[in-house]
Amino acid sequence: QEQVLESGGGMVTAGGSLRLSCAASRRFFSVSDFGWYRQAPGKQRELVASTSSTLRRNYADSVKGRFTISRNNAKNTVDLQMDNLKPEDTGVYYCNMANSWGNVWGQGTQVTVSS
């Protein structure tokens, strides 16, 4: 069974940085698309950044210029570097892996940004 596992969440003050990491099963990693999503309290889950199997990257307008998504096919990881964090970036961040065989979500990691 395919799995993804997030790590790297925590609490920072506004303007700080955090780096999230998503470790995925090796089997389908290179042919999978990955997305980092977040869900703030009382809000719907939203896509923050994504990277495709062809290395195309996309970002939500709210994080452009502050967040960077990267994938390492040798290590089977997808990282999200978050700089200049704002209180509105607070939420649970989830990693998603999608391919022809299915769609896998991680358990999530909490990010809290205080003002």
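Our subject is the structure listed above.
Computed from a prediction, not measured in an experiment: that's the story for all the values here. (Residues numbered from 1 in each chain as written. Predicted model: local features only at pLDDT ≥ 70, side-chain atom pairs only at ≥ 80, totals over all residues. Heavy atoms only, no water.)

Novice: Requested: an account of unusual backbone geometry, with residues and values cited.
Specialist: Located in the positive-phi region is Leu55, a residue other than glycine, with phi close to 75 degrees. Positionally, Leu55 belongs in the loop between strand S5 (46-51) and strand S6 (57-59). Of note in the backbone geometry, Asn84 takes a positive phi value of approximately 50 degrees without being a glycine. Mapping Asn84 onto the fold places it in the loop between strand S8 (77-82) and strand S9 (91-99). (Helix = DSSP H or I, 4+ residues; strand = E, 2+ residues; numbered from the N terminus.)

Novice: Kindly report on the state of the cysteines, identifying the contributing residues and their values.
Specialist: The final tally for this structure, using the stated rule, is 1 disulfide. Each sulfur in the disulfide pair Cys22 and Cys95 lies 2.1 Å from the other. One disulfide, between Cys22 and Cys95, carries an S-S torsion of -75 degrees and so falls in the left-handed class. Of this pair, Cys22 sits in strand S3 (residues 18-24) while Cys95 sits in strand S9, placing them 73 residues apart in sequence. On the accessibility criterion, Cys22 (0% relative accessible area) is buried. (Disulfide = S-S within 2.5 Å. Buried < 20%, exposed > 50% of the residue type's maximum accessible area, 1.4 Å probe, protein only.)

Novice: Can you break down the pattern of salt bridges residue by residue, with the values?
Specialist: Under the defined criterion, the tally for this structure stands at 5 salt bridges. Among the salt bridges present, the one from Asp89 reaches Arg66, with a minimum N-O distance of 2.8 Å. Of this pair, Asp89 sits in the loop between S8 and S9 while Arg66 sits in the loop between S6 and strand S7 (67-72), placing them 23 residues apart in sequence. The residues Asp89 and Arg66 share a single accessibility class, namely buried. Each of Arg38, Glu46, Arg66 and Asp89 takes part in a single network of salt bridges with overlapping partners. (Salt bridge = Lys/Arg side-chain N within 4 Å of Asp/Glu carboxyl O.)

Novice: Residues and numbers for the nonpolar core, please.
Specialist: If you look at the biggest cluster of nonpolar residues, it comprises 25 residues, and the most contacted ones within it are Val4, Phe34, Trp36, Phe67, Leu80, Met82 and Tyr93. Put simply, the parts of the chain that give this core at least two residues each are S3, strand S4 (33-39), S5, S7, S8, S9 and strand S11 (109-114). Examining the composition of this core, we find that 4 residues originate from one element, S3, more than from any other. (Core = buried A, V, L, I, M, F, W, Y, C linked by side-chain atoms within 4.5 Å.)

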